[in-house]
Amino acid sequence: MLQDIRYGLRILAKSPGFAVVAILTLALGIGANTALFSVVNGVLLNPLPFSQPDRLVALYERSPQFEKQSISYPNFLDWRRDNRSFSQMAAFRQDDFDLTGMGTPERVKVEMVSASFFPLLGVKPTIGRTFLPEEDEVGGRPVVLLSDGFWHAKFGASRGVLGRAITLNDVDYTIIGVIPPGFRYQSGNFHQDTEVFVPIGQWSDPIFQDRRAAMGMDAVGRLKPGVTLAQARADMDAVAHNLSQQYPNADKGIGITLTSLKEDVVGDIRPFLLVLLAAVGFVLLIACANVANLLLARSTGRTREFAIRAALGAGQSRVVRQLLTESILLSLAGGVLGLGLAAWGTQAALRVLPEALPRAGDVHLDGRVLLFTLAASLLAGILFGLVPALKTTRADIHETLKEGGRGGSGKRHRTQRTFVAVEMAMAVVLLIGAGLMIRSLAKLWSVNPGFDPHNLLTFALSFPVERGATPDSIRASFDQIQDRLQSVPGVQAVSLLAGAMPMSGDSELPFWIDGQPKPATESEMPTALFYAVQPGYLKATRIPLVRGRFLTRQDNAHSPQVIVIDQQ
């Protein structure tokens, strides 16, 4: 084998142009496959980074209009108490709090979680502890957990941070722990870059405690040993039925949707990634056929060499082994270069589309990806090297020696034409698929979203409200903010808003039309997404007004209530 490798390296060194072209061709094919496999591996194959991730289930409320929607906190408490399938259940919702007392006031991303959230996932803090059950109640001691990034940025990773206080929304929270840097949770209403965590049960907002309101809260549960997802669904259906009997006004028609946490995180991206993986597989096959053709063409000048070796006693298997060694050397070199291309391409793609891909943080070149690259390289070497090797060694020795190495050229030409036909066929398949994808993308770009996003800027803001401020004074402050922003040079229109970001708002409101029979309960009413905006909203978003008028400053808290509805 060592002799074959040394001889193969000498042969390739004598034809540097051929070697470079073959290696680059293989590098592109192997690199594309490695890059996409690293994505498939991180998103689909690797388990979630939690304890026994296959036992984790995402939970949502289900209504006649929506299969998955946020959960009301009172319903969650009843689910946790009445179910027989889950060993633990936790709720969470995202929010933004004002951080003051640490220099310039700023908004921080907050995740409100149940006390059982981190123990359920098997996440242990770097220092300190997680929330206690008695802290996850209205009136509990204000405590906070810090993310690792926030801990480093604000406290220099000091281990003396425990017991210190930070002021969030004008409340002093005691720091009790730091969440490890590798923690990533991606499901439902959860900040990907959460900075601090607080107990969700302490939130005393009356709307949050209303069974009819969801307030953007989702839940996760851990199945008991031996309980299947189907059994859990049947159990939770019974829980939902009992609640609909107890609270018909809020829960009639409300079910519970259960999905494995991994499927909930991955969503609908699985078929998309598998189709792309198949497409780049075609690219590798085209590269193999291309290099095989190059080897066949190159073998024309070596036919006499192998005829002489055969005449001197070399068996067919010995010659085939030599040729396969050369092809595998090419493929391994292409694999090493392709691995570098894959590492660069994957990181570049993740920087451009970090939010479009679930579990993007889990995508990297690990041992499984390296094994895939090695296997792909070896398989490619055998695949494109075997046919030329067999064709070369089957030439007639006497005819080859007599004709000076030109024997069997007709057969090689037929084989080369076959390879070219295969390449063209696979290329046509890829071109058709790419054309359909481009056409779909063009149609998506041409869809009118209902508003004009060009030169439209959005940002979040908050300001401290003086103690004793009245609703009228707060509204006047909002009007002042709008007027100040409107006076900025170049600004054409301004509107403060709540839940009114186009294509992203999900605040729901039950309704019925006056003059039609009123449903017996609110849960039986149809729901609509509602936006709270100011008069400049239509001008800022350039949404056309089809009929009637839009809101004006005269439509305030002291005038009759008015709304504007969409055309549907």
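In what follows, the structure referred to is the one given above.
First things first, this report covers the structure right here in the doc. (Residues numbered from 1 in each chain as written. Predicted model: local features only at pLDDT ≥ 70, side-chain atom pairs only at ≥ 80, totals over all residues. Heavy atoms only, no water.)

Attention now goes to the overall build of the protein. Each helix and strand counted, the protein has 16 helices and 14 strands in total. Taken over the C-alpha trace, the protein has a radius of gyration of 33 Å; the compact-globule value for 568 residues is 24 Å, which it surpasses by more than 25%. Projected onto its principal axes, the C-alpha coordinates of the protein cover approximately 105 × 55 × 50 Å. Sorting the 568 residues of the protein into buried and exposed places 39% on the buried side. Across the protein, every contact between residues at least 6 apart in sequence was considered, and the portion connecting residues at least 24 apart equals 77%. (Helix = DSSP H or I, 4+ residues; strand = E, 2+ residues; numbered from the N terminus. Rg over C-alpha atoms; globule rule 2.2 N^0.38 Å. Buried < 20%, exposed > 50% of the residue type's maximum accessible area, 1.4 Å probe, protein only. Contact = heavy atoms within 4.5 Å.)

When two helices pack together, their arrangement is captured by the angle between the axes and the distance separating the axes. The interhelical angle for the contact between helix α3 (residues 73-82) and helix α6 (residues 229-246), taken along N-to-C directions, is 130°, at an axis separation of 10 Å. In terms of orientation, α3 and α6 fall into the oblique class. Here α3 and α6 pass one another in a crossing that is right-handed. In contact with Asn75, Asp78, Trp79 and Asp82 of α3, α6 contributes Met236, Val239 and Leu243. (Axes fitted to C-alpha atoms, helices over the stretch in contact; angles between N-to-C directions. Parallel < 35°, antiparallel > 145°, perpendicular 65-115°, else oblique. Left-handed = near helix turned anticlockwise from the far one by under 90°.)

Summed over all chains, the structure comprises 19 salt bridges. Arginine 211 is the salt-bridge partner of aspartate 251, the closest N and O atoms lying 3.9 Å from each other. Of this pair, aspartate 251 sits in helix α7 (residues 248-251) while arginine 211 sits in the loop between β8 (196-199) and β9 (218-223), and the two are 40 residues apart along the sequence. Given the relative accessible area of 2%, aspartate 251 is considered buried. Here aspartate 362 makes a salt bridge to arginine 359, at a shortest N to O gap of 2.9 Å. What makes aspartate 362 buried here is its relative accessible area of 9%. Connected through shared salt-bridge partners, Asp78, Arg81, Asp82, Arg211 and Asp251 make up one network. (Salt bridge = Lys/Arg side-chain N within 4 Å of Asp/Glu carboxyl O.)

So, on to a nonpolar patch on the surface. Taken together, the side chains of Val20, Leu24, Leu28, Leu337 and Leu341 make up a nonpolar region of the molecular surface, amounting to roughly 430 Å² of accessible area. Only α2 (16-45) and α11 (316-352) provide two or more residues apiece to the nonpolar patch. When residues in the nonpolar patch are grouped by element, the largest group, 3 residues, is from α2. Examined against the element boundaries, leucine 28 turns out to sit in helix α2. (Patch = residues over 30% accessible without salt bridge, like charges linked within 9 Å, V, L, I, M, F, W, Y side chains within 5 Å. Areas by Shrake-Rupley, 256 points an atom, 1.4 Å probe, with all protein chains shown as cover.)

Turning our eyes to something else, we now look at the pairing of strand β5 (residues 143-146). Burial along β5 is two-sided: the residues Val143 and Leu145 and Val144 and Leu146 are all buried. As judged from the 4 bridges shared by β5 and strand β7 (residues 171-178), these two strands associate in the parallel manner. Within β7, the position partnered with leucine 145 by the bridge is glycine 177. Sheet analysis places β5 next to β8, joined by 2 bridges and oriented antiparallel. Bridge pairing in β8 places leucine 146 opposite valine 196. (Pairing = 2+ DSSP bridges.)

For the pair helix α1 (residues 2-14) and α2, the least separation of the axes is 5 Å and the interaxial angle reads 100°. Judged on the interaxial angle alone, α2 and α1 are roughly perpendicular. Judged by residue contacts, Leu12, Ala13 and Lys14 of α1 engage Pro16, Phe18 and Ala19 from α2. Class assignment for the residues of the contact of α1 with α2 results in 5 nonpolar, no polar and 1 charged. (Nonpolar A, V, L, I, M, F, W, Y, C, P; charged D, E, K, R; others polar.)

With that settled, consider the pairing of β9. Most of β9 is tucked away, with 6 of its 6 residues classed as buried. Taking every second residue as pointing to the same face, both faces of β9 are buried, with Asp218, Val220 and Arg222 on one and Ala219, Gly221 and Leu223 on the other. Pairing analysis gives 4 bridges linking strand β1 (residues 56-62) to β9, with the strands arranged antiparallel. Within β9, the position partnered with valine 57 by the bridge is glycine 221. Pairing analysis gives 6 bridges linking strand β2 (residues 86-100) to β9, with the strands arranged antiparallel. Each residue of the ladder has a partner; that of alanine 90, found in β9, is valine 220.

Moving on: the packing of aromatic side chains. In the structure shown here, the tally under the stated rule is 15 aromatic pairs. On the basis of an interplanar angle of 40° and a centroid distance of 6.0 Å, the ring pair of phenylalanine 50 and tyrosine 185 is categorised as tilted. Of this pair, phenylalanine 50 sits in the loop between α2 and β1 while tyrosine 185 sits in the loop between β7 and β8, and the two are 135 residues apart along the sequence. Each member of the pair, phenylalanine 50 together with tyrosine 185, is buried. Aromatic ring contacts, followed pair by pair, group Phe50, Phe92, Phe117, Phe118, Phe183, Tyr185 and Phe197 into a single cluster. The residue whose ring lies beneath arginine 211 is tyrosine 247, and the NZ or CZ to ring-centre distance is 3.7 Å. (Phe/Tyr/Trp six-rings, centres within 6.5 Å; stacked < 30°, edge-to-face > 60°. Lys NZ or Arg CZ within 6 Å of the ring centre and 35° of its normal.)

We now examine helix α5 (residues 148-155). Here α5 has its buried residues at Asp148, Phe150, Trp151 and Phe155. In an axial view of α5, the angular spread of the buried residues amounts to 160°, which keeps them on one side of the axis. Glycine 156 sits one or two residues past α5 and shows a positive phi near 60°. (Arc of directions from axis to C-beta.)

This paragraph deals with the side chain of threonine 167. Here threonine 167 lies in strand β6 (residues 165-168). Judged by relative accessible area, which is 17%, threonine 167 ranks as buried. Looking at threonine 167, its side chain comes within polar contact range of the side chain of aspartate 172, at 2.8 Å. In this structure, threonine 167 is in contact with Asp98, Leu99, Thr100 and Asp172, ignoring residues within four places of it in sequence. (Polar contact = N/O pair within 3.5 Å; in protein donor to acceptor, adjacent residues only side chain to side chain.)

Three or more residues of α3 are buried, namely Tyr73, Pro74, Asn75, Phe76, Asp78 and Trp79. Residues of α3 that are buried make contact with β1, β2, β9, α6, α7 and β10 (255-260).

This paragraph deals with unusual backbone geometry. Even without being a glycine, glutamine 52 presents a positive backbone phi close to 40°. Here glutamine 52 shows up in the loop between α2 and β1. Positioned with a positive phi, asparagine 169 is a non-glycine residue whose angle comes to about 50°. Among the residues examined, asparagine 169 registers a relative accessible area of 37% and is labelled partly exposed.

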